[in-house]
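These are the residues of each chain, in order.
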Amino acid sequence: GMAVLVDLLDDLGVRGTFFLEGRTAEMTECSVLCGHCIGLHGYDHEDLTGRETGVVPDVREVLERGFIAVEDGVSRPTCFRAPYMSADGNVLDSVRSMGILHDSSMYTEVGGSSDPYLIHGMTEHPVPKARDPRGKVIAAYLWPMHEGKRVPQDYVEMARGRSHMVLATHTWHMVETRDGGPMDPAWVQGNADNVRTVLEGILDLGFEADVIGRFRRS
């Protein structure tokens, strides 16, 4: 999935922001990410606040372990997204103490502003939530589109009229469903085509593609 997404971004001349778990950096060949922005996503997708699992890890130890693994295996991370999009002040303070100044672990309120703002000494780049023309809530995560539950135009229309649009997906979701396992090649190609349609549509609205964190070459 990482390779599929990187090939697409490179073809469009767009740099992406890839939030990596430390374990991924240790176990996966990530050289394809050269030229893209690298962020931290914990060590092993831990629930850092306990909201999802009820278990709170040693936040500082987990983040330091993940940071070192990503830095050693790929590149020094310059931004952060919490697993499960679940972060609190303790998490953000720990991330900030590592020199990371950009976070993207928050959703906006439904229909709220998606402009960056300051929180715990960091710049927050929130992931938008809105309502589609049918009144249903839509978040700027592409996984429903990958599973046939939304179409590219839903996300293009979501971006219309905004000054900032953080668009997100999972690399694995390019090639695998949540419950059904690996996708066949036609499905994977369809996902790539749909992501291309979303990106091109948003760029056609006048947006300029950018990364979330400060950029460092790998």
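## Observations concerning the side chain of D103
As for its position among the elements, D103 is in strand β4 (residues 102-103). No salt bridge is formed by the buried D103; its nearest oppositely charged neighbour, R81, is found at 7.3 Å. Among the polar contacts listed, one links the side chain of D103 to the side chain of S105, at a separation of 2.8 Å. In this structure D103 touches F80, R81, L92, M122, T123, E124 and H125, once residues within four positions along its chain are discounted.

## Quick notes on the packing of aromatic side chains
Summed over the entire model, instances satisfying the criterion amount to zero aromatic pairs. Here the basic side chain of K129 rests over the ring of Y107, its NZ or CZ set 4.5 Å away from the ring centre. Against the face of W143 rests R178, its NZ or CZ located 4.0 Å from the ring centre.

## Regarding the packing of helix α3 (residues 59-73) against helix α4 (residues 89-97)
One way to put it is that α3 packs onto α4 with a least axis distance of 10 Å and a crossing angle of 40 degrees. As summarised for this structure, α3 and α4 are arranged oblique, according to the angle between their axes. As α3 packs across α4, the resulting crossing turns out to be right-handed. For the pair α3 and α4, contact is made by V59, R60 and L63 and by N90, V91, S94, V95 and S97, respectively. Residues that form the contact of α3 with α4 fall into these classes: four nonpolar, three polar and one charged.

## Quick look at the pattern of salt bridges
Taken as a whole and assessed by the stated rule, the structure comprises nine salt bridges. R76 is the partner of E71 in a salt bridge, and the nearest nitrogen-oxygen pair spans 2.9 Å. Using a relative accessible area of 32% as the deciding quantity, one classes R76 as partly exposed. Put simply, D132 and R150 hold a salt bridge, and the shortest N to O gap is 3.0 Å.

## Observations concerning the sheet that holds strand β9 (residues 137-139)
Strand order in this open sheet of three strands is β5-β8-β9, and the pairing throughout is mixed. The sheet is open, and its two borders are formed by β5 (107-110) and β9, each paired with just one other strand. Adjacent strand axes in the sheet meet at a mean angle of 20 degrees when their direction is disregarded. Two elements, strand β8 (residues 127-131) and β9, share three bridges in a ladder whose sense is antiparallel. In the strand pairing of β9, K129 is matched with A139. Seen against the sheet, helix α6 (residues 152-159) touches β8 and β9 and runs at an angle of roughly 85 degrees to β9.

## Considering the nonpolar core
Counting residues in each nonpolar core, the largest one holds 58 residues, and the members touching the most others are L33, L63, F80, V91 and V195. Tallying contributions element by element places α3 first for this core, with six residues. Excluding its chain neighbours within four sequence positions, the residues that come into contact with F80 are F19, L40, G42, L48, L63, V91, V95, I100, H102, D103, S104 and S105.

## Some details on the pairing of β8
As paired elements, β5 and β8 share two bridges and run parallel to each other. Looking at β8, one finds that V110 is bridged to K129. Counting the residues that bridge the hairpin from β8 to β9 gives five residues, and of these G135 lies at a positive phi of roughly 90 degrees.

## A closer look at α6
For α6, the tally of buried residues reaches six of eight residues, placing the bulk of the element in the interior. Taken residue by residue, α6 has P152, D154, Y155, V156, M158 and A159 as its buried positions.

Definitions and limits used
Residues numbered from 1 in each chain as written. Predicted model: local features only at pLDDT ≥ 70, side-chain atom pairs only at ≥ 80, totals over all residues. Heavy atoms only, no water. Helix = DSSP H or I, 4+ residues; strand = E, 2+ residues; numbered from the N terminus. Buried < 20%, exposed > 50% of the residue type's maximum accessible area, 1.4 Å probe, protein only. Lys, Arg positive; Asp, Glu negative; His and termini not counted. Salt bridge = Lys/Arg side-chain N within 4 Å of Asp/Glu carboxyl O. Polar contact = N/O pair within 3.5 Å; in protein donor to acceptor, adjacent residues only side chain to side chain. Contact = heavy atoms within 4.5 Å. Phe/Tyr/Trp six-rings, centres within 6.5 Å; stacked < 30°, edge-to-face > 60°. Lys NZ or Arg CZ within 6 Å of the ring centre and 35° of its normal. Axes fitted to C-alpha atoms, helices over the stretch in contact; angles between N-to-C directions. Parallel < 35°, antiparallel > 145°, perpendicular 65-115°, else oblique. Left-handed = near helix turned anticlockwise from the far one by under 90°. Nonpolar A, V, L, I, M, F, W, Y, C, P; charged D, E, K, R; others polar. Pairing = 2+ DSSP bridges. Core = buried A, V, L, I, M, F, W, Y, C linked by side-chain atoms within 4.5 Å.

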